[in-house]
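Residue-level structural notes
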Amino acid sequence: MSNNIFHVSSLRQRWLQSGIVPGDTVLIHSNIKRTLLEYKRNGSSISPGDILDSLLDVLGQQGTLLLPLFNFDFTQGVPFDIRTTPSQMGSLTEVARKHKDAIRTGHPIYSFAVIGNYQKLFSKVDNESAYAEDSPFGILKDMGGKIASLDLEDQYSMTFYHHIEEVKMVSYRYFKEFSGDYTNIQGETTRKKYKLYVRDIERGVVTNVNPAGELLWSAGLYKGFRPRHGSGLRTINAADMFNYISKLIDDGKARDHLFSIEER
């Protein structure tokens, strides 16, 4: 058995214990440092490519993998090229961006690499607003997909909270527009405009979603492991998360669970 096949098989077992099953459509946020170090300490050397291969192996031919390729340079006026602009979300996401079968969704700040059975569903996604219903977040929710996080707290991974906040039009966020040079897959450059639903800094709004994450654990909606325990990977059904957090907002409990106010 080659080293790659052995490592993929070993990693596969970690993900199967964490709530991922063959045929899933899953968005994964990741910090792979601990996984790499753990294998190294055990005398094995694995790469981000091995981890990507293992995730695709678990999902199988009927599964679909999404990885965030978020890059915030467009907000500072830096041109975006969908073919070459790198991800700022870590080495696993860069491997996914360069994967021969990956497609990239269109938002220049919140784009995703998509590989697998349903990637055509995402191939023409060019949502104007990052977290809107027509974004990959909304599509994932509507198709019964999952969200996963590897060795990251909610605060540093679960961007899906902002999708819920935008759909619910919470009062502590507002739309902010950004425009810049945008190069598409055909190499054509035009001036384009996109939006983010950002926190109201003037009101002292600070994102603080870890308390909501604890509620998701208590409700039994998270499956798998907390960061830095076991595989470090946890999963949740996107629609279940949407419904639970929507009710939290409706009940007036967003403050102290999704955000706090910084005194000035």
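Just above, that's the structure.
Residues numbered from 1 in each chain as written. Predicted model: local features only at pLDDT ≥ 70, side-chain atom pairs only at ≥ 80, totals over all residues. Heavy atoms only, no water.

Here we come to the pairing of strand S5 (residues 112–116). Counting buried residues along S5, four of its five residues qualify, which places the element largely inside the surrounding structure. For strand S2 (residues 64–68) and S5, the ladder comprises five bridges, and the chain directions are antiparallel. Bridge pairing in S5 places Leu66 opposite Val114. Two elements, strand S4 (residues 103–104) and S5, share two bridges in a ladder whose sense is antiparallel. What sits directly across from Ile103, in S5, is Val114. (Buried < 20%, exposed > 50% of the residue type's maximum accessible area, 1.4 Å probe, protein only. Helix = DSSP H or I, 4+ residues; strand = E, 2+ residues; numbered from the N terminus. Pairing = 2+ DSSP bridges.)

What follows deals with the sheet that holds strand S3 (residues 80–81). Spatially, S3-S7-S8 is the arrangement adopted by the three strands of the open sheet, whose pairing is mixed. At either end of the open sheet lies a strand with only one pairing partner, and these are S3 and strand S8 (189–199). Pairing of strand S7 (residues 173–183) with S8 involves eleven bridges; the strand directions are antiparallel. By the bridge assignment, Tyr174 is partnered in S8 with Val198.

Taken as a whole, this structure holds 19 salt bridges when the rule is applied. Among the ionic pairs, Asp151 bridges to Arg34, the shortest N-O distance being 2.8 Å. Pair noted here: Asp151 is in the loop between strand S6 (146–150) and helix H7 (160–168) and Arg34 is in helix H2 (residues 33–41), with a separation of 117 residues, a long-range link. On the basis of relative accessible area, Arg34 is assigned to the partly exposed category, the value being 22%. Two residues, Lys247 and Asp251, come together in a salt bridge whose shortest N-O distance is 2.7 Å. Put simply, Arg14, Arg34, Glu38 and Asp151 are held in one network by salt bridges that share partners. (Salt bridge = Lys/Arg side-chain N within 4 Å of Asp/Glu carboxyl O.)

This part takes up the sheet that holds S4. Strand order in this open sheet of seven strands is S4-S5-S2-S1-S6-S11-S10, and the pairing throughout is mixed. Unpaired on one side and paired on the other, S4 and strand S10 (223–224) mark the two borders of the sheet.

Here we come to the packing of aromatic side chains. Considering all chains together, one arrives at 13 aromatic pairs under this definition. Plain terms: the ring middles of Phe74 and Tyr194 are 6.2 Å apart, the flat faces sit at 80 degrees to each other, and that makes the pair edge-to-face. Note that Phe74 is positioned in the loop between S2 and S3 and Tyr194 in strand S8, a separation of 120 residues in sequence. The same class applies to Phe74 and to Tyr194, which are both buried. For the ring pair Phe112 and Phe137, a centre distance of 5.2 Å and an interplane angle of 85 degrees mean the geometry is edge-to-face. Of this pair, Phe112 sits in strand S5 while Phe137 sits in helix H6 (residues 136–142), placing them 25 residues apart in sequence. Members of the aromatic cluster, connected to one another through ring pairs, are Phe70, Phe72, Tyr110, Phe112, Tyr131, Phe137 and Phe160. (Phe/Tyr/Trp six-rings, centres within 6.5 Å; stacked < 30°, edge-to-face > 60°.)

Position of Glu94 among the secondary structure elements: in helix H4 (residues 91–97). The class of Glu94 is buried, set by a relative accessible area of 17%. Look past the residues within four positions of Glu94 in its chain and what remains in contact with it is Pro86 and Ser87. (Contact = heavy atoms within 4.5 Å.)

Direction vectors running N to C along helix H8 (residues 210–218) and helix H9 (residues 238–250) enclose 120 degrees, while the axes themselves pass 11 Å from each other. The angle between the axes of H8 and H9 places the two elements in the oblique class. Seen along the crossing, H8 lies across H9 with a hand that is right-handed. Within the contact between the two elements, H8 uses Ala212, Leu215 and Leu216 and H9 uses Met241, Tyr244, Ile245 and Leu248. Classifying every residue of the contact of H8 with H9 gives seven nonpolar, no polar and no charged. (Axes fitted to C-alpha atoms, helices over the stretch in contact; angles between N-to-C directions. Parallel < 35°, antiparallel > 145°, perpendicular 65-115°, else oblique. Left-handed = near helix turned anticlockwise from the far one by under 90°. Nonpolar A, V, L, I, M, F, W, Y, C, P; charged D, E, K, R; others polar.)

Time to look at unusual backbone geometry. Despite not being glycine, Asp151 has its phi angle at roughly 55 degrees, a positive value. The exposure class of Asp151 is buried, given its relative accessible area of 5%. Backbone geometry at Asp256 places phi at a positive 75 degrees, although glycine is not the residue there.

Just distances and angles here, no functional claims.
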